[in-house]
Amino acid sequence: MVAWTDFERETIKSIFGKLDYDDVGLAALCRCLVVYPWTQRYFGNFGNLYNADAIRANPMVAAHGKVVLNGLDKAVKNLDNIKGTYAELSVLHSEKLRVDPDNFRLLADCLTIVVAARMGADFTAEVQAAFQKFLAVVVSSLCRQYH
Amino acid sequence: MSLSANDKANVTAIWKKILPKSDDIGDQALSRMLTVYPQTKTYFAHFADLSPGSPQVRKHGDVIMNKIDDCVNHMDDLFPYLSGLSDLHATKLRIDPANFKILAHNLLVVVAAYLPNDFTPEVHLSVDKFLQQIALALAEKYR
């Protein structure tokens, strides 16, 4: 059971409340695919991922960015049971998609940087700590069903 | 993952915008690291005050950032340039190299917050590679 402080709960809800999921989803996934190109291995059927511009313009990347952000939204709405909320998603990622869990951390780092860029000075160290704690719990829950 | 000509150009270009705010950025990056990754505080037990913005943290953020700024002019000879610092980190400071990645991440977060329009994915890639090269050079003498 994760212990959230009031500050962390409010901060996480506040951040996600202000995010444009379409914009941020695309930006985070695009950044991940560009900065860590080996992550492209999971998107063989996405068509043109040849360079940053192609990735940015790719509708499948945009669609999947949205899927990811909406998935995170579930965790935001179930902060006290992220593990349970993600049980099926964890099995999906380990059994079907076979994603190396290290990649979750890479995407989480890219999302942190995108949110920092959107929030600027409001993304204080304490806010960053809360946000990264949330992502760490998400990543841990996604890793749970791997064996 | 060595630096291409394009990487060097990207790093040089964005550092022109980083330099005027270099002290703030260095201070922020170190403060954030200590707040978001509290285990890194173990390396600063000798600092009286580890709260964000404390004078010792500010000063140390400056020291680190100034050196990174210098590395921008030494991208072609990073390893020889950092040889002395590598000795220091290996024999005296003995910081686990995993922490270089942690500091690098926090530096990227601060740069993104300060320069959101300039810190595109392509530039992020180049800066990340640059910081990883510095980390490699620093760890060179570890064993």
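Starting from 1, residues in each chain are numbered consecutively following that chain's sequence as written. Here every chain gets a letter starting at A, and every ligand a number starting at 1, in the order they are written. Per-residue local features are limited, in this predicted model, to residues with pLDDT of at least 70; the limit for side-chain atom pairs, both in listing and counting, is 80 or more; totals at the level of whole chains, interfaces and linings are taken over all residues. Only hydrogens and water are removed before side-chain values are computed, so all heavy atoms of the structure are retained for them.

## Points about the nonpolar core
Among the nonpolar cores identified, the biggest contains 79 residues, and Phe16 and Phe134 of chain A together with Trp15 and Phe130 of chain B are the most heavily contacted of them. Contact between two residues is taken to exist if any of their heavy atoms lie within 4.5 Å; hydrogens are not considered. Among residues more than four places away in sequence, those in contact with phenylalanine 134 of chain A are Trp4, Ile12, Phe16, Leu72, Ala75, Val76, Leu79 and Ile82 of chain A. Grouped together as the second largest cluster of nonpolar side chains are ten residues, Leu29, Leu33, Val34 and Val61 of chain A included. Grouping buried Ala, Val, Leu, Ile, Met, Phe, Trp, Tyr and Cys residues that are joined through side-chain atoms within 4.5 Å yields what is termed a nonpolar core. Burial classes follow relative accessibility: with a 1.4 Å probe on protein chains only, a residue under 20% of its type's maximum area counts as buried, one over 50% as exposed, and anything between as partly exposed.

## Quick word on the interface of chain A and chain B
If you look at the interface, chain A gives 22 residues, while chain B gives 20 residues. Here, a salt bridge means any side-chain nitrogen of Lys or Arg that lies within 4 Å of a carboxyl oxygen of Asp or Glu. Seen at the junction of chain A and chain B, the total is one salt bridge. Measuring nitrogen to oxygen at the nearest pair gives 2.9 Å for the salt bridge that ties arginine 56 of chain A to glutamate 122 of chain B. For the side of chain A that touches chain B, the residue count by class is twelve nonpolar, five polar and five charged. The classification used treats Ala, Val, Leu, Ile, Met, Phe, Trp, Tyr, Cys and Pro as nonpolar, Asp, Glu, Lys and Arg as charged, and all other residues, Gly among them, as polar.

## Things to note about the layout of surface pockets
Approximately 1000 Å³ is the volume attributed to the largest pocket. Only DSSP runs of H or I with at least four residues qualify as helices, and only runs of E with at least two residues qualify as strands; both kinds are numbered from the N terminus onward. Counting only elements with at least two residues in the lining of the largest pocket, the list comes to helix H7 (102–119) and helix H8 (125–143) of chain A together with helix H6 (98–114) and helix H7 (121–139) of chain B. At nine residues, the largest contribution of residues to the lining of the largest pocket is made by H7 of chain B. Estimates place the volume of the second largest pocket at around 790 Å³. Where the lining of the second largest pocket is concerned, the elements lending two or more residues are helix H2 (21–35), helix H4 (59–77), helix H6 (87–96), H7 and H8 of chain A. The way it works is a 1 Å grid over only the protein atoms, where trapped points that fit a 1.4 Å probe form a cavity and open points with protein on both sides within 12 Å along at least five of seven lines form a pocket, and then any residue with an atom within 4 Å of a point lines it. Grid points are joined across faces, edges and corners, and a volume is the space filled by probe spheres set on the points.

## A few points about the UniProt feature "domain: Globin" (unreviewed entry) in chain A
Within this structure's numbering, the places UniProt gives as "domain: Globin" (unreviewed entry) are residues 3–147 of chain A. Structurally, residues 3–147 of chain A comprises 72% helix and 0% strand, and the distance from its first C-alpha atom to its last is 26 Å. UniProt positions are given in the numbering used here, feature names are shortened, and annotations may be inferred rather than shown by experiment.

## Comments concerning helix H2 (residues 22–36) of chain B
All names here are of chain B. Every helix has an expected span of 1.5 Å times one less than the residues it contains. Under the 1.5 Å per step criterion, the end-to-end length of H2 is 21 Å for 15 residues, consistent within 8% with the ideal 21 Å. Most of H2 is tucked away: eleven of the 15 residues are buried. Along H2, the residues classified as buried are Ser22, Ile25, Gly26, Asp27, Ala29, Leu30, Ser31, Arg32, Met33, Leu34 and Val36.

## Looking at the environment of isoleucine 12 of chain A
All names here are of chain A. Positionally, isoleucine 12 belongs in helix H1 (residues 6–18). We classify isoleucine 12 as buried; its relative accessible area is 0%. Measuring from C-alpha to C-alpha, the distance between isoleucine 12 and valine 127 comes to 8.3 Å, with 115 residues separating the pair along the chain. Residues contacting isoleucine 12, with those up to four places away along its chain left out, are Trp4, Val76, Leu79, Ala130 and Phe134.

## Focus: the pattern of salt bridges
Charged atoms that come close allow side chains of opposite charge to pair. For the structure on display, the rule yields 14 salt bridges over all chains. Residues lysine 17 of chain B and aspartate 118 of chain B are paired through a salt bridge, measuring 3.0 Å at the closest nitrogen-oxygen approach. You can see lysine 17 of chain B sitting in helix H1 (residues 5–18) and its partner aspartate 118 of chain B sitting in the loop between H6 and H7, a full 101 residues away along the chain. For lysine 17 of chain B, a relative accessible area of 42% translates into the label partly exposed. A network of salt bridges, in which partner residues are shared, links Asp53 and Arg56 of chain A together with Glu122 of chain B.

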